[in-house]
Protein chains: 2
Amino acid sequence: MAHVNPHFQQLPGSYLFSEIARRTAAFKEANPDAPLIRMGIGDVTQPLAPAVVAAMHAAVDDLAAPESFHGYGPEQGYGFLRDAIAEHDFAARNINVSADEIFISDGAKSDCGNIGDIFSLDAKVAVCDPVYPVYVDSNAMAGRAGDWDAAAECWTNIYYMPTVPENNFVPALPDEPVDLVYLCSPNNPTGTVLSRADLEKWVRWANEHDAVILFDAAYERFVTEEDVPRSIYEIEGARTCAIEFRSFSKTAGFTGARCGYTVVPKDLVRDGQSLRDMWNRRQCTKFNGASYVIQRGAAAVYTPEGERQVEATLDVYRGNARVICEGLKRAGFSVWGGVNSPYIWCATPEGMGSWEFFDLLLNELAIVTTPGAGFGPAGEGFIRLTAFNTPEATQEAITRIQTRFA
Amino acid sequence: MAHVNPHFQQLPGSYLFSEIARRTAAFKEANPDAPLIRMGIGDVTQPLAPAVVAAMHAAVDDLAAPESFHGYGPEQGYGFLRDAIAEHDFAARNINVSADEIFISDGAKSDCGNIGDIFSLDAKVAVCDPVYPVYVDSNAMAGRAGDWDAAAECWTNIYYMPTVPENNFVPALPDEPVDLVYLCSPNNPTGTVLSRADLEKWVRWANEHDAVILFDAAYERFVTEEDVPRSIYEIEGARTCAIEFRSFSKTAGFTGARCGYTVVPKDLVRDGQSLRDMWNRRQCTKFNGASYVIQRGAAAVYTPEGERQVEATLDVYRGNARVICEGLKRAGFSVWGGVNSPYIWCATPEGMGSWEFFDLLLNELAIVTTPGAGFGPAGEGFIRLTAFNTPEATQEAITRIQTRFA
């Protein structure tokens, strides 16, 4: 008699984006001609860079002829991509990460979700609140989260670290034993960052406690400020306590193409085991490598033209973020993020809940955002706006908000 | 203090293909001019079908322009591909599987490896011996396999079902309680198949015992005989007891492009939970959909030109399989498989171990095969040959064997 994984039954419905979609659809039905502007979901809108497109076409042609055909590739990813990453994302920035510590995948969400495979099931997990739901849900599925407390909207065995204006969105070090800590900087959803000093504090703490930091750097290419590390390995000591997740999704428009990578340093050892070797074994057993076509496209991001084209697209999003930040501030709102991030975290007007403000923006201004409460209890009182629309739509949305709240 | 998953430490090294590579490299170094023929690894050699290539190029172009750009796709796969599969792989063959029971992925290996996420950790697992190692290793990592018994080369808590000439390679029904049963037909590595009557027996048993069959149909397109089901859902009752894995790897040359799918019927319920809904939740949480480019390519397999071109390539491999089968028989060997499969299972000469025969073929004839012992204890005394080389190389290999063993 086959029994199911009992931990799935406690998962609360993931209603956030479906509820947003439902309310948006209802609005559109009632107002078919309203010029809707979507600033809710964190998906890119600009096309792939021409250098990436050319590389993908060439790779498809490789698969079209017997002499250039590629069958099974290395589970860890092709050398041409691992080497390019090691050189451009790390060596060029004086960061010590070698190609054989880099594991290419079909995206950071897969890696964030699967990394738990290499850890003990009784590991105590810490996350920020608000938080990207994958960290929590994947651990809940594995049984690490305890029970779902519907009233408090939290899991009994997860250690939550509120990140709010009062602490400048920097999580405090845990005051009880914690084994795995998810940190995301630049942060989804708040758009805030951890400074060099913040990360030094966390790395010191993790090494002292033999904890492991799971560092999500999916948005690192949006960092513009000097003092903000783009990789946790810029911090001394991180190689013995941190795993880092990277993505081509937001940096190079790969949300639909799918490619990311994970760094597991050889110096990271727990219980006498190399976590790099464990992740390698996990990937070799349960993954068969990312698509050759897509890896070739990702490698083109590191060519001179690719770099230039990708930066030009990022500048569009960075410009949008600036427009949103400054526009909301001028309209009297308190906002965070947007400087080193495509996300802007905006406090709701006094006394207004995040779903209430979401509804106001949708129904009065035809703007779709994301209510902060969807990311956790400490997200209540905020909404998230994204910089991934066109400059024209972004400017129009901000004009509408400024007019309404002038 | 973070602890690792303790079950990884018991995993024996996966030495099979690396040991083959090592011995092959040593041979090549000693014999740089020897005309090596590779019939070991199960990887395709023929290029993608022109219809698939054209669809991938068009999809890359979609990603190159803002109006046709595709960002995040559905985690379950695009409707255009799920619908094409439902129509061509199932409805056209009078098999009851609907599009919303089909989950597109980056390959069957990922799905076979990840499916355990939805089952209880104390499920008792049954596998055939010899066996595709992913079934065993993924369960060992999850802690379902017990301890590794190095002397017996088996896990203490896995139920092994020998498939050998004596039982015509049909596993006997378990004589003790078993919850999850992996069946692979056409089989890797033996190349043998389960008949309709065999599968009816298994489906009846699974329904009677509330067990779940994990049916790996990655090689179904190689089935040529009438009485051999290409899907377990051809069997009445399978919708309440079976999950099926499919792949575009061998059928359409996608080993490097990466695409597969898994069918979880809505009628499959255990502990009152829909396994389809659980798998959907697992994929939504830990996967972000297969690449748009690759899904477009996979959909082209179902166009009239795609079907015709794919069949033409499959005919090359089918022809190779026939040449290997008949050639080995004429040389006096006992062989199985090859009729409904790209794999040929060949008994070693009297008294010769599978590594010994591997070495003989490599060192005397410059032919690379796979020793059966690498797939489990019951694989000792056999080697596996694959039909994925060119017709010329395949014929040449068989000629060498016939000359040597005439």
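Note that the coordinates shown come from a computational prediction; the quantities given were computed from them, not determined experimentally.

Asks: When you look at the sheet that holds strand 16 (residues 370-371) of chain A in this model, what are you seeing that I'm missing?
Replies: To summarise the sheet geometry, strands pair through backbone hydrogen bonds and adopt either a parallel or an antiparallel arrangement. Residue and element names in this part refer to chain A. Strand order in the open sheet made by the 4 strands is 13-14-17-16, with antiparallel pairing throughout. Two strands in the sheet have a free side with no partner beyond their single neighbour: strand 13 (335-337) and strand 16. Note that strand 14 (residues 343-347) and strand 17 (residues 382-386) share 5 bridges and pair antiparallel. Bridging across to strand 17, isoleucine 344 finds its partner in leucine 385. Set on the sheet, helix 10 (residues 304-330) makes contact with strand 13, strand 14 and strand 17; between it and strand 14 the angle comes to about 10°.

Asks: Explain helix 8 (residues 275-286) of chain B here, please?
Replies: For the α-helix, the turn length of 3.6 residues means that residues three or four positions removed from each other point alike. All names here are of chain B. The terminal C-alpha atoms of helix 8, which comprises 12 residues, lie 16 Å apart, in line with the 16 Å expected from a rise of 1.5 Å per residue. A large share of helix 8 lies buried, amounting to 10 of its 12 residues. Buried within helix 8 we find Leu275, Arg276, Met278, Trp279, Asn280, Arg281, Arg282, Gln283, Thr285 and Lys286.

Asks: I keep staring at the sheet that holds strand 14 (residues 343-347) of chain B and nothing clicks. Help me out?
Replies: Residues and elements named next belong to chain B. Reading across the sheet, the 4 strands line up as 13-14-17-16 and stay open at both edges, with antiparallel pairing between neighbours. At either margin of the open sheet sits one strand with a lone partner, and together these are strand 13 (335-337) and strand 16 (370-371). Sheet topology note: the strand 13/strand 14 ladder contains 3 bridges and is antiparallel. Opposite tryptophan 336, over in strand 14, you have tryptophan 345 as the bridge partner. Contacts from helix 10 (residues 304-330) reach strand 13, strand 14 and strand 17 (382-386) within the one sheet, and its direction differs from that of strand 14 by about 10°. The strands touched by helix 11 (residues 354-365) within the sheet are strand 16 and strand 17, with strand 17 carrying the most contacts at an inclination of about 45°.

Asks: What is the right way to look at the relation of the copies chain A and chain B in this model?
Replies: Between the two copies of this chain, the relationship is a rotation about some axis together with a displacement along it. Between the two copies, chain A and chain B, the superposition gives an RMSD of 0.0 Å; the rotation angle is 180° and the shift along the axis is 0.0 Å. With respect to symmetry, the two chain copies, as superposed, fit the operation of a two-fold axis. Proximity to the rotation axis, assessed at the C-alpha, singles out histidine 57 of chain A in chain A; its C-alpha lies 3.0 Å from the axis. By residue overlap, the copies meet face to face through one surface: 100% of the interface positions of chain A are interface positions in chain B.

Asks: Even after reading the chapter, I still don't get the interface of chain A and chain B, so can you show me in this structure?
Replies: Accessible area lost when the parts come together is the quantity often used to give the size of an interface. The interface of chain A with chain B comprises 78 residues on the first partner and 79 residues on the second. Contact between chain A and chain B buries roughly 6400 Å² in total, counting both sides, with carbon and sulfur atoms accounting for 58%. The interface formed by chain A and chain B holds 4 salt bridges in total. Counting across the chain A and chain B interface gives 42 residue pairs in polar contact (both at pLDDT 80 or more). Contributions of two or more residues to the side of chain A that touches chain B are made by helix 2 (50-62), helix 4 (108-114), helix 5 (133-142), helix 7 (249-252), helix 8 (275-286) and helix 9 (292-300) of chain A. The dominant element in the side of chain A that touches chain B, judged by the number of residues it contributes, is helix 8 of chain A, at 7 residues. Residues of the side of chain A that touches chain B, tallied by class, amount to 36 nonpolar, 26 polar and 16 charged.

Asks: Can you walk me through the packing of helix 2 of chain A against helix 2 (residues 50-62) of chain B in this structure?
Replies: Helix-helix packing: each pair is described by the crossing angle between the helix axes and the interaxial distance. Interaxial distance between helix 2 of chain A and helix 2 of chain B falls to 10 Å at its minimum, and their mutual angle equals 175°. One way to sum up the angle between helix 2 of chain A and helix 2 of chain B is to call them roughly antiparallel. From helix 2 of chain A, Val53, Met56, His57, Val60 and Asp61 of chain A reach across to helix 2 of chain B, where they touch Val53, Met56, His57, Val60 and Asp61 of chain B. Residues of the contact of helix 2 of chain A with helix 2 of chain B, tallied by class, amount to 6 nonpolar, 2 polar and 2 charged.

Asks: Help me understand the pattern of salt bridges, please; the structure alone is not making it clear to me.
Replies: Where charged atoms of side chains with opposite charge meet at close range, the side chains can pair. Residue and element names in this part refer to chain A. Considering all chains together, one arrives at 46 salt bridges over all chains under this definition. Here arginine 239 and aspartate 267 are joined by a salt bridge, their closest N and O atoms 2.9 Å apart. You can see arginine 239 sitting in the loop between strand 8 (212-216) and strand 9 (242-247) and its partner aspartate 267 sitting in the loop between strand 10 (260-263) and strand 11 (269-270), a full 28 residues away along the chain. For arginine 239, a relative accessible area of 15% corresponds to the buried category. Since its relative accessible area comes to 39%, aspartate 267 is described here as partly exposed. A single network of salt bridges, built from pairs that share partners, joins Asp89, Glu220, Arg230, Glu244 and Arg246.

Asks: I tried to follow the packing of helix 8 of chain A against helix 5 (residues 133-142) of chain B on my own but got confused; where do I start?
Replies: As a packed pair, helix 8 of chain A and helix 5 of chain B sit with axes 9 Å apart at the nearest point and diverge in direction by 140°. Comparing the axis directions of helix 8 of chain A and helix 5 of chain B gives the class oblique. Of the two possible hands of crossing, helix 8 of chain A and helix 5 of chain B adopt the one that is left-handed. Only Val134, Asp137, Ser138 and Met141 of chain B of helix 5 of chain B make contact with helix 8 of chain A, whose side of the interface consists of Arg281, Arg282, Thr285 and Lys286 of chain A. Looking at side-chain class alone, the contact of helix 8 of chain A with helix 5 of chain B contains 2 nonpolar, 2 polar and 4 charged residues.

What counts as what
- Residues numbered from 1 in each chain as written.
- Chains lettered and ligands numbered in written order.
- Predicted model: local features only at pLDDT ≥ 70, side-chain atom pairs only at ≥ 80, totals over all residues.
- Heavy atoms only, no water.
- Pairing = 2+ DSSP bridges.
- Helix = DSSP H or I, 4+ residues; strand = E, 2+ residues; numbered from the N terminus.
- Contact = heavy atoms within 4.5 Å.
- Axes fitted to C-alpha atoms, helices over the stretch in contact; angles between N-to-C directions.
- Expected span 1.5 Å × (residues − 1).
- Buried < 20%, exposed > 50% of the residue type's maximum accessible area, 1.4 Å probe, protein only.
- Least-squares fit on C-alpha atoms with pLDDT ≥ 70 in both.
- Buried area = accessible area lost by both parts, 1.4 Å probe.
- Salt bridge = Lys/Arg side-chain N within 4 Å of Asp/Glu carboxyl O.
- Polar contact = N/O pair within 3.5 Å; in protein donor to acceptor, adjacent residues only side chain to side chain.
- Nonpolar A, V, L, I, M, F, W, Y, C, P; charged D, E, K, R; others polar.
- Parallel < 35°, antiparallel > 145°, perpendicular 65-115°, else oblique.
- Left-handed = near helix turned anticlockwise from the far one by under 90°.

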